[in-house]
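# Topology and contacts: notes
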Amino acid sequence: MKKSTYEKPDLHMHSVYSDGTDTPRTLLCCVRRAGLDLFALTDHDTAEGCAAVRALLREGDPVFIGGVEFSCKDGRGKYHMLGYGFDGSKPAIREAVAFSHHSRILKMQNRFGYLKEKYGFTFTDEERAELLALKNPGRPHFVAMMLKKGYVRTKDEGFEAFEGYHGSEPSLSPEEAIDAILCSGGIPVLAHGILADGAKKLTEEEIAARVERFRAAGLMGLECYYATFTPRQKEIMLDLADRFGLLITAGSDYHGGNKQVMLGQTNDPDPARLQGFYDAIADRI
């Protein structure tokens, strides 16, 4: 029988199935060492790694929740939407994942042209095929290859090379991601809300407007405890959760060696504030 509450959760992490560096086996070993009692794998635009983690679980392991993190965009900005406890066999979530993967591949292809035109960076057919063959390729994979070829000296320099890229690839809107998660029996949660897609900081007014808009579309929760939130940012997100009657989650956004964040680094969550999420997810685990 699953516990009704948890003391050390981490509900936001990534594996090699997207832009993390840990295999499911390595990730599970790290989860055990970190002493977590509840964890969720939330790879970008895919839930494929969740099945691999489940196959490795053994008696006494922390409780596992299957998840996903959709990269969303519309005319008003970029967003990341987490989904928890959905039925991965449902058409809505399968179609959303397939669409997002297609968009990600198009973006990778277009970035080859961008890097050549702006910086003169070229890649062989074999190198292009290597990147495009990855399960869910993204900027960290590009940066790793740029480092290997000597085009950039550091990871930060590699990521900065993409700052001027403004692609026109199709993308899920946040409302479409919310709907796909709900239609598949899951719980949609806005990731690192006041940090938008993780690359900028919103004002209090901007994040409040986003939360109000997404709540009307069916959003059920906010990631209020997040590794890099300042105390004030955490307070703002918790206040918004209370104001709009939303569930509260905690996540590190662990990426293994691709990010300087440790498993379980979730900014000191109050278990009582997460109890609503625990109760809501109980019959979905």
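Residues numbered from 1 in each chain as written. Predicted model: local features only at pLDDT ≥ 70, side-chain atom pairs only at ≥ 80, totals over all residues. Heavy atoms only, no water.

### Points about the overall build of the protein
Summing up its helical and strand segments, the protein has 10 helices and seven strands in all. Taking 19 Å as the expected radius of gyration for a compact globule of 285 residues, we find that the protein reaches 18 Å, a close match to that expectation. C-alpha atoms of the protein, sized along the principal axes, occupy 55 × 45 × 40 Å. When each of the 285 residues of the protein is scored for burial, the buried share is 52%. Counting contacts in the protein only where the partners sit at least 6 residues apart, residues at least 24 apart contribute 74% of the total. (Helix = DSSP H or I, 4+ residues; strand = E, 2+ residues; numbered from the N terminus. Rg over C-alpha atoms; globule rule 2.2 N^0.38 Å. Buried < 20%, exposed > 50% of the residue type's maximum accessible area, 1.4 Å probe, protein only. Contact = heavy atoms within 4.5 Å.)

### A word on helix 10 (residues 271–281)
Looking only at helix 10, the buried set comprises Leu274, Phe277, Tyr278, Ala280 and Ile281. Viewed along the axis of helix 10, the buried residues span an arc of 165°, placing them on a single side of the element. (Arc of directions from axis to C-beta.)

### Quick look at the packing of aromatic side chains
To describe a pair of aromatic rings, you give the distance between the ring centres and the angle between the ring planes. In this structure the tally under the stated criterion is 14 aromatic pairs. Their ring planes at 50° and their centres at 4.9 Å tell us that phenylalanine 39 and phenylalanine 64 sit as a pair that is tilted. Here phenylalanine 39, found in strand 2 (residues 38–41), pairs with phenylalanine 64, found in strand 3 (residues 63–74); they are 25 residues apart in sequence, far enough to count as distant. For phenylalanine 39, a relative accessible area of 0% corresponds to the buried category. (Phe/Tyr/Trp six-rings, centres within 6.5 Å; stacked < 30°, edge-to-face > 60°.)

### What to know about the nonpolar core
Residues Phe70, Met81, Tyr84, Ile207, Leu222, Leu240 and Phe277 are the most contacted members of the largest nonpolar core, which totals 55 residues. In terms of residue count, the dominant contributor to this core is helix 9 (residues 231–244) (six residues). When neighbours within four sequence positions are excluded, phenylalanine 277 is seen to be in contact with Leu11, Ile65, Tyr84, Ile187, Leu247, Ile248 and Thr249. In terms of nonpolar packing, the next biggest core, distinct from the first, is built from 15 residues, Met108, Val143, Met145 and Val152 among them. (Core = buried A, V, L, I, M, F, W, Y, C linked by side-chain atoms within 4.5 Å.)

### Here's the deal with the environment of aspartate 61
Position of aspartate 61 among the secondary structure elements: in the loop between helix 2 (48–56) and strand 3. The buried category is assigned to aspartate 61, whose relative accessible area is 16%. For the pair aspartate 61 and glutamate 205, spaced 144 residues apart in sequence, the C-alpha separation works out to 41 Å. Beyond its immediate stretch of four places on either side in the chain, aspartate 61 contacts Leu28, Arg32 and Leu56. Among the polar contacts made by the side chain of aspartate 61, one reaches the side chain of arginine 32 at a distance of 2.8 Å. Here the side chain of aspartate 61 touches arginine 58 through a polar contact of 2.7 Å, landing on its backbone nitrogen. (Polar contact = N/O pair within 3.5 Å; in protein donor to acceptor, adjacent residues only side chain to side chain.)

### Details of the sheet that holds strand 3
The strand order 1-2-3-4-5-6-7 describes an open sheet built from seven strands, whose pairing is mixed. Of all the strands in the sheet, the pair left with one neighbour each is strand 1 (9–10) and strand 7 (247–251). Here strand 1 pairs with strand 2 via two bridges, running parallel. Among the inter-strand pairings, aspartate 10 is bridged to a residue of strand 2, identified as phenylalanine 39. (Pairing = 2+ DSSP bridges.)

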